[in-house]
Amino acid sequence: MYDFDKAVDRRGTSSIKWNFQNSFGQQSGLLPFWIADTDFATVPEIQEALKKRCDHPVIGYSDPLPSVYEAIQGWWDRRHGWKPQTDWMLLSYGVVTAIFFTLDAVVPKGEKVLVFTPVYDPFFAAVQNSGHQMVDCPLDHKDSYYTINWELLEKQLAGGVRAVVFCNPHNPIGRVWTAEEMKRLAELCVKYDVYLLSDEIHADFGLVRPYTTAGKFPELYQKLVVYTAISKSFNMAGLGSSCMIIPNPELKQKIQEAYDSRWMFGPSDLAFTAMEAAYNHGDQWMDEQCRYLAENVKIVNEFAAEKLPKVQVTTHEGTFLMWLDMTCFGKTSGELTTILAKEYGIALGDGRHYGEQAEGFMRLNIGCTHDTLRKGLEQLARFYADYMK
């Protein structure tokens, strides 16, 4: 058993999450529920593997050993029922960077790339900064639940979209797309001959049902990239370690050449070490983390129902990021962010960052101890009592 109730003091480290308080003139006490890393101590075997690797006095230019790829393969086979071949894998620094290089390599400049909003905001930068035209396919939102607008999606795909950048499970809304939804998306991508670039970095956080990877649809393989990482699952975001799974060897070669042409080599040997240890030894830790997060979801839902009745909590299926409709206050997300930080000592994620239709929404990171979460919710209740008047 692992102790997820044990608080880890991250102050005094280079933590963006905990150092953000200075942006609001707060010198101490601001509770952070914004940027997407957790406050849980990672898997002990990862820590031990890194310590052992650092006992060696040289950390030079590195290539991953076969055992790293085998560990990744084993994890996906055990956890998600998909066994990607090791020669499909291309390791890189981070998922957003990988999406940028994929678009840069395979989609001609100026062509259309589709995203489903509200969505993880670096998608916008990856699409636009790689020289492409972003097409927004807003998700339908009804009764605290989000779904894909299939009619609009097909119309946009028929209108010349060349690639879809997809998030599964979806950040920030917490949807775990069903097998039926994934099948329908795969069929449409094949029908209109578009690339599916599937960010599955939150794959291990299917809290109400297992998630379905795009990798389970071989009909996609000619134009599929699946992006994964240990960053969210094992709280290792600062290490810069991710993996692309690319079944089409020609597509993989194009992406590899895009990296090589910019002299983007890596990740580091420490990242390889952490990945191998995580995927070989992290099963029980991951299971316990998900159970703990499910308890946090329950805490938020029950608290909101009692003390924040006009705040709509989006139905939560996965990730450690919850999505709150706070439009009842009649304020912008930016105004909410500032008031909550300056007057109530809590930092939430500005919902407007995730799309225009998310104005007045906020993202709540529940990747923390029950005690920290309850303290934050009590501050949110104070804000509610003051501003709903």
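Above this text is the structure in question.
These figures come from a predicted structure and were not determined experimentally.

Once that is clear, we can look at the nonpolar core. Counting residues in hydrophobic clusters, the biggest one holds 103 residues, and the most contacted among them are Phe 116, Leu 153 and Phe 234. In terms of residue count, the dominant contributor to this core is helix 10 (residues 283-307) (10 residues). Of all hydrophobic cores here, the second largest spans 30 residues; its members include Leu 103, Val 115, Phe 123 and Ala 258.

Moving on to the pattern of salt bridges. Per the counting criterion, the structure on display carries 22 salt bridges. Among the ionic pairs, Arg 79 bridges to Asp 287, the shortest N-O distance being 2.7 Å. Taken together, the residues span a long stretch of sequence, with Arg 79 in helix 3 (residues 66-80) and Asp 287 in helix 10 at a distance of 208 residues. Of the residues examined, Arg 79 reaches a relative accessible area of 24% and is grouped as partly exposed. In this structure, Asp 193 and Lys 223 form a salt bridge, with 3.2 Å as the shortest nitrogen-oxygen distance. Taken as a pair, Asp 193 in the loop between helix 7 (179-191) and strand 8 (195-199) and Lys 223 in the loop between strand 8 and strand 9 (224-229) lie far apart in primary sequence, 30 residues in all. The structure contains a network of salt bridges with shared partners spanning Arg 10, Lys 17, Asp 37 and Asp 39.

Another point: the pairing of strand 2 (residues 89-92). Of the two faces of strand 2, the one lined by Met 89 and Leu 91 and the one lined by Leu 90 and Ser 92 are each fully buried. Note: strand 2 against strand 10 (residues 242-245), four bridges, orientation antiparallel. The partner of Met 89 across the bridge, within strand 10, is Ile 245.

With that settled, consider the side chain of Asn 296. Mapped onto the elements of the fold, Asn 296 is located in helix 10. The class of Asn 296 is buried, set by a relative accessible area of 0%. Of note is the side chain of Asn 296, whose polar atom sits 3.0 Å from the backbone oxygen of Cys 368. Those residues in contact with Asn 296 that sit more than four places away from it in its chain are Ile 366, Cys 368, His 370 and Leu 373.

Note the cis peptide between Asn 171 and Pro 172, where omega equals 20°. Here Pro 172 shows up in the loop between strand 7 (161-167) and helix 7. Between Gly 266 and the following residue, Pro 267, the backbone shows a cis peptide bond with an omega angle of 5°. With respect to the helices and strands, Pro 267 occurs in the loop between helix 8 (249-261) and helix 9 (269-281). You will see that Ser 144, though not glycine, has its phi angle at about 65°, which is positive. Locating Ser 144 in the fold gives a position in the loop between strand 5 (140-142) and strand 6 (145-147). Positive phi, normally seen in glycine, also occurs at Thr 319, with a value near 75°. Among the structural elements, Thr 319 can be located in the loop between strand 11 (312-313) and strand 12 (321-325). Accessibility expressed as a relative area gives 0% for Thr 319, which makes it buried.

What counts, and where the lines are drawn
- Residues numbered from 1 in each chain as written.
- Predicted model: local features only at pLDDT ≥ 70, side-chain atom pairs only at ≥ 80, totals over all residues.
- Heavy atoms only, no water.
- Core = buried A, V, L, I, M, F, W, Y, C linked by side-chain atoms within 4.5 Å.
- Buried < 20%, exposed > 50% of the residue type's maximum accessible area, 1.4 Å probe, protein only.
- Helix = DSSP H or I, 4+ residues; strand = E, 2+ residues; numbered from the N terminus.
- Salt bridge = Lys/Arg side-chain N within 4 Å of Asp/Glu carboxyl O.
- Pairing = 2+ DSSP bridges.
- Polar contact = N/O pair within 3.5 Å; in protein donor to acceptor, adjacent residues only side chain to side chain.
- Contact = heavy atoms within 4.5 Å.

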